[in-house]
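Structure assessment
One letter stands for each residue in the lines below.
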Amino acid sequence: MKITRGYKTELALNNKQRTACLQHAGAARFAYNWALNRKSEAYKKGEKVPTAIDLHRELNQLKQTELSWMYGVSKCAPQEALRHVDKAYDNFFRKVKLRKQGKFKGKVGFPKFKKKSKGIGSFRFTTGAIKVFPDAIQLPRLGELRLKEHDYLPTSGVHILSATVSEQAGHWFVSIQVEEERQEPAKTATTAIGIDLGITTLATCSDGVEFPNPRSLKHKLKKLKRLQRVHSRKQKGSKNREKSRKKLAVLHARIAHIRKDSIHKFTTHVCKNHAHIGIEDLYVAGMLKNHHLAQAIADTSMGEVKRHLTYKAEKFATRIVQIDRFYPSSKTCSACQFVLDELSLSIRSWQCPNCHTWHERDLNAAKNILAVSFLERLNACGAASSGLVATLSETSRVEART
Ligand SMILES: [Zn+2]
């Protein structure tokens, strides 16, 4: 079976190449803003809204006169940007429609103009010669760009669909989308675990393994607060403000990378080493409405954890079972099933009033999640249909006892 996947890696650009990349990103940003303006003007006047194809024709005309500078960049950069406007525009109207029908409850915002001050942005190639070497990538117009990490991008046996070049806090990246043959995963793991995603720790597993939030993250967040304060005091448009903006961007990128790294390590570990994973069906959007929790939850990026688990489960042939979001996993005693009326968030350990077992809050929740995920699985596929389920549930009972 063929699957599409992405590979992203950092570029090692020289000055000339960096300038060329900036020009391409600039052209993409210009085309995006120009197209968005053309579309909304036409819409306001009640005229037919031009599509990416119409606009591409128009842009080519303009290139011969006032936009001759665009000949300096690959035609792909503006062309792809026009397609992105089309998509942004369609998405907006689709969401408005869904909201009217009551099927969508989130925020709906009209596409915004891209600002250089908000980021250099990116540009994409879908046609032309994209070639990958172990230590470099060749792109239209830009030529061969060296890669910081060698032998990461796939060089053979894949079909390259597109390449996107982007900038973040002074670093340049290329990401390629490829179509490749999926390798059938060989599963050797047979164990099952339940996972409690948390705020104080990133995740607690029912076998007692904990994945803490990296300490460096907390430290960096403190620093972020300070930098943000400093930044807000600088005069708008000043050189010093630009300097502090750059510093802030670097720190933001650093925090994002630390977070990403810990999520990758945790999700790969659990998917690789277990055959069955029970996890709460966290309703992230709903939880974010609770402001006390919002910052902390956004920090642990639970949505991102889910996304990683889902695709890695497929890669390692691991089964993921999400349990009902209203199941009281923290308040239930994993030894005797007694359910507490109330358990405040600040309480980290408690004793069951019924069987007097002491529980660590997160570990107890993880054990319950594991047990319930088996029940849900049994309900879903019929009790007798799978021998694996029977053996797995025995494992769980063993684990629950220990
Ligand atoms: Zn109990």
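Placed above this text is the structure.
Residues numbered from 1 in each chain as written. Predicted model: local features only at pLDDT ≥ 70, side-chain atom pairs only at ≥ 80, totals over all residues. Heavy atoms only, no water.

Considerations on the sheet that holds strand 8 (residues 192-197)
Spelled out, the test is: Strand pairing is assigned whenever DSSP identifies at least 2 bridges connecting the two strands. We count a stretch as a helix when DSSP gives it H or I for four or more residues in a row; a strand needs E for two or more, and each element gets its number in order from the N terminus. Axes, fitted as lines to C-alpha atoms, cover a helix only where it is in contact. Angles between the N-to-C directions of the axes lie from 0 to 180 degrees. Contacts between residues were defined by any pair of non-hydrogen atoms, one from each residue, lying within 4.5 Å.
Spatial strand order, 10-9-8-11-12: 5 strands in an open sheet with mixed pairing. Among the strands making up the open sheet, the edge pair consists of strand 10 (210-212) and strand 12 (319-323). Ignoring strand direction, the axes of neighbouring strands in this sheet form an average angle of 20°. Relative to strand 9 (residues 201-205), helix 5 (residues 239-273) is tilted by about 10°, and along the sheet it contacts strand 8, strand 9, strand 10 and strand 11 (276-280).

Some thoughts on the pairing of strand 12
Keep this limit in mind: Burial status follows relative accessibility: with a 1.4 Å probe on protein chains alone, a residue under 20% of its type maximum counts as buried, one over 50% as exposed, and anything between as partly exposed.
By the alternation rule, side chains of strand 12 split into Arg 319, Val 321 and Ile 323, which are all buried, and Ile 320 and Gln 322, of which none is buried. Across 5 bridges, strand 11 lies against strand 12 in parallel orientation. Note on strand 12: the bridge partner recorded for Ile 279 is Gln 322.

Focus: the nonpolar core
Operational definition: To define a nonpolar core, start from buried Ala, Val, Leu, Ile, Met, Phe, Trp, Tyr and Cys residues and group those joined through side-chain atoms within 4.5 Å.
Counting residues in each nonpolar core, the largest one holds 40 residues, and the members touching the most others are Leu 11, Phe 123, Ile 137 and Leu 139. Among the elements that take part in this core, helix 1 (residues 15-45) stands out by supplying 9 residues, more than any other. Not counting chain neighbours up to four residues away, the residues in contact with Leu 139 comprise Phe 125, Ala 129, Ile 130, Leu 145, Ala 163 and Val 165.

Structural notes on the coordination of the zinc ion
Convention followed: As a rule, N, O and S atoms within 2.8 Å of a metal are its donors, except that Na, K and Ca use 3.2 Å; water is not among the atoms, so sites may look incomplete.
With distances of 2.2 to 2.3 Å, the protein atoms coordinating the zinc ion are Cys 333 (SG), Cys 336 (SG), Cys 352 (SG) and Cys 355 (SG). All donor residues of the zinc ion come from one chain, and their arrangement in sequence is C-x2-C-x15-C-x2-C. Look at Cys 352 and you get buried, because its relative accessible area is 1%. Taking relative accessible area as the criterion, Cys 355 reaches 30% and is therefore assigned partly exposed.

Overview of the sheet that holds strand 7 (residues 171-181)
The strands that make up a sheet are held in pairs by hydrogen bonds between backbone atoms, and each pair lies either parallel or antiparallel. Judged by pairing direction, the sheet is antiparallel, and its 7 strands sit side by side in the order 2-6-7-1-5-4-3 without closing on themselves. Only two strands of the sheet have a single partner each, and these edge strands are strand 2 (122-125) and strand 3 (131-132). Where strand 1 (residues 2-12) meets strand 5 (residues 143-147), 2 bridges bridge the pair, whose relative direction is antiparallel. By the bridge assignment, Leu 11 is partnered in strand 5 with Leu 147. Against the sheet, helix 1 touches strand 1, strand 2, strand 5, strand 6 (158-168) and strand 7, its axis set at about 90° to strand 2.

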